[in-house]
Structure formats: structure tokens, C-alpha cells
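Chain residues, written in single-letter form:
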Amino acid sequence: MSTEHAGFCPVYRAIGVLQEKWVLHIVRSLLDGEKGFNELARAVGGCNSATLTQRLEHLEQLNIISKRTEDSHGKLARSVYSLTPAGRQLQSVIDAIDTWGRDHLQPPMPEAQSA
């Protein structure tokens, strides 16, 4: 084993990637199918455009998502994002989080109506 990889822990590295804010929200949204930037921004909700762009670029570098550009016939080109096979493998992670959440978390209580 080479010394440069002696301390590599895949779980630690994976958690480092997946814990970045918005990453799992992006993956979860793309599990439903490819989306354009604005559609993805709406689906994720609450993430500003600069942060979303940064996360998408990072996920593309990691080969978790892919980006293609659609010609919009004279309009600005449209970026479309989808999961790669590696990204689609995260379905089981999302499913495990869903199961855990259903088993151990309660829905938030509705806020009391003020009179």
C-alpha cells in the first residue's frame, strides 16, 4: 500500500462530500430526472445562485452529476443537469435517510395561530 493512501478512509471522504450544504438536496432533486438550472434552483429551494453554481461545478468534477447545454434556438443556451451512474447510486443513501427520518423524526408541529 502506498503511503499517500495509507490514511484514506472512504467513509470519511464520502461524508465530507455529502455534508456540504445543498449537495443531498441537489442529488435528491435530480433522482426525479434531469433539470435545468432554474428548475433545480426552485426544487432545492433557498440556495442562492452562486452557491448552487459552485455545488453543481463541484459535483460535476466528482462525476456525480453531468451537465449538457441545450441550444435554445437563438436564446441563451440552457444548462441541463442529470445524475451520472455514480450519482444514481446515491439513491440508496437517500432511501436510508428517508427510512431513518420516518422512524425517528416527527413532523414539525404546526405553529399556533395567533388570535
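Predicted model only: the values in this text are computed from it and were never measured.

K.L.:
Help me understand helix H3 (residues 37-44) in this model?
P.N.:
Three- or four-residue spacings in an α-helix give side chains the same orientation, since the helix completes a turn every 3.6 residues. Among the residues of H3, those classed as buried are Phe-37, Leu-40 and Val-44. On an axial view of H3, the arc spanned by its buried residues comes to 65°, and they lie on one face. In H3, the exposed residues that point more than 90 degrees away from the buried face are Asn-38 and Arg-42. For H3, the secondary structure elements touched by its buried residues are helix H2 (23-30), strand E1 (35-36), helix H4 (49-61) and strand E3 (78-83).

K.L.:
What is the right way to read the sheet that holds E1 from this model?
P.N.:
Backbone hydrogen bonds are what pair the strands of a sheet, in a parallel or an antiparallel way. Here we have three strands laid out as an open sheet, ordered E1-E3-E2, and antiparallel in their pairing. Because the sheet does not close on itself, it has two edges, and the strands there are E1 and strand E2 (65-70).

K.L.:
Could you clarify how one ought to interpret the confidence of the model for the protein chain in this entry?
P.N.:
Note that predicted coordinates carrying low pLDDT should not be read in detail. Counting all residues, the mean pLDDT for the protein chain is 89, and 91% of those residues have values of 70 or more. In the model of the protein chain, helix H1 (residues 10-18) stands out as the element of lowest mean pLDDT, 92, in contrast to helix H5 (residues 85-88), which has the highest, 97.

K.L.:
In this structure, what is going on with the nonpolar core? I would like to understand it.
P.N.:
Side chains of a nonpolar character, in soluble globular proteins, are inclined to be buried together. Ranked by internal contacts, the top residues of the largest apolar core, which has 19 residues, are Ile-26, Leu-30, Leu-40, Leu-56, Ile-64, Ile-65 and Tyr-81. Residue assignment for this core shows that the elements contributing at least two residues are H1, H2, H3, H4 and E3. At four residues, the largest contribution of residues to this core is made by H2. Residues within four places of Leu-40 in sequence aside, it is in contact with Ile-26, Ser-29, Leu-30, Lys-35, Leu-56 and Tyr-81.

K.L.:
Looking at this structure, how should I read the pattern of salt bridges?
P.N.:
Opposite charge on two side chains makes pairing possible when the charged atoms of those side chains draw close. Here the structure, examined in full by the defined rule, presents six salt bridges. In this structure, the salt-bridge partner of Arg-102 is Asp-98, at a minimum N-O distance of 2.9 Å. On the criterion of helical spacing, the pair formed by Arg-102 and Asp-98 is a turn pair, its members being four residues apart in helix H6 (residues 91-104). Judged by relative accessible area, which is 36%, Asp-98 ranks as partly exposed. Taken together, the shared-partner salt bridges connect Glu-34, Glu-39, Arg-68, Glu-70 and Arg-78 into one network.

Thresholds applied
- Residues numbered from 1 in each chain as written.
- Predicted model: local features only at pLDDT ≥ 70, side-chain atom pairs only at ≥ 80, totals over all residues.
- Heavy atoms only, no water.
- Buried < 20%, exposed > 50% of the residue type's maximum accessible area, 1.4 Å probe, protein only.
- Helix = DSSP H or I, 4+ residues; strand = E, 2+ residues; numbered from the N terminus.
- Arc of directions from axis to C-beta.
- Contact = heavy atoms within 4.5 Å.
- Pairing = 2+ DSSP bridges.
- pLDDT = per-residue confidence, 0-100.
- Core = buried A, V, L, I, M, F, W, Y, C linked by side-chain atoms within 4.5 Å.
- Salt bridge = Lys/Arg side-chain N within 4 Å of Asp/Glu carboxyl O.

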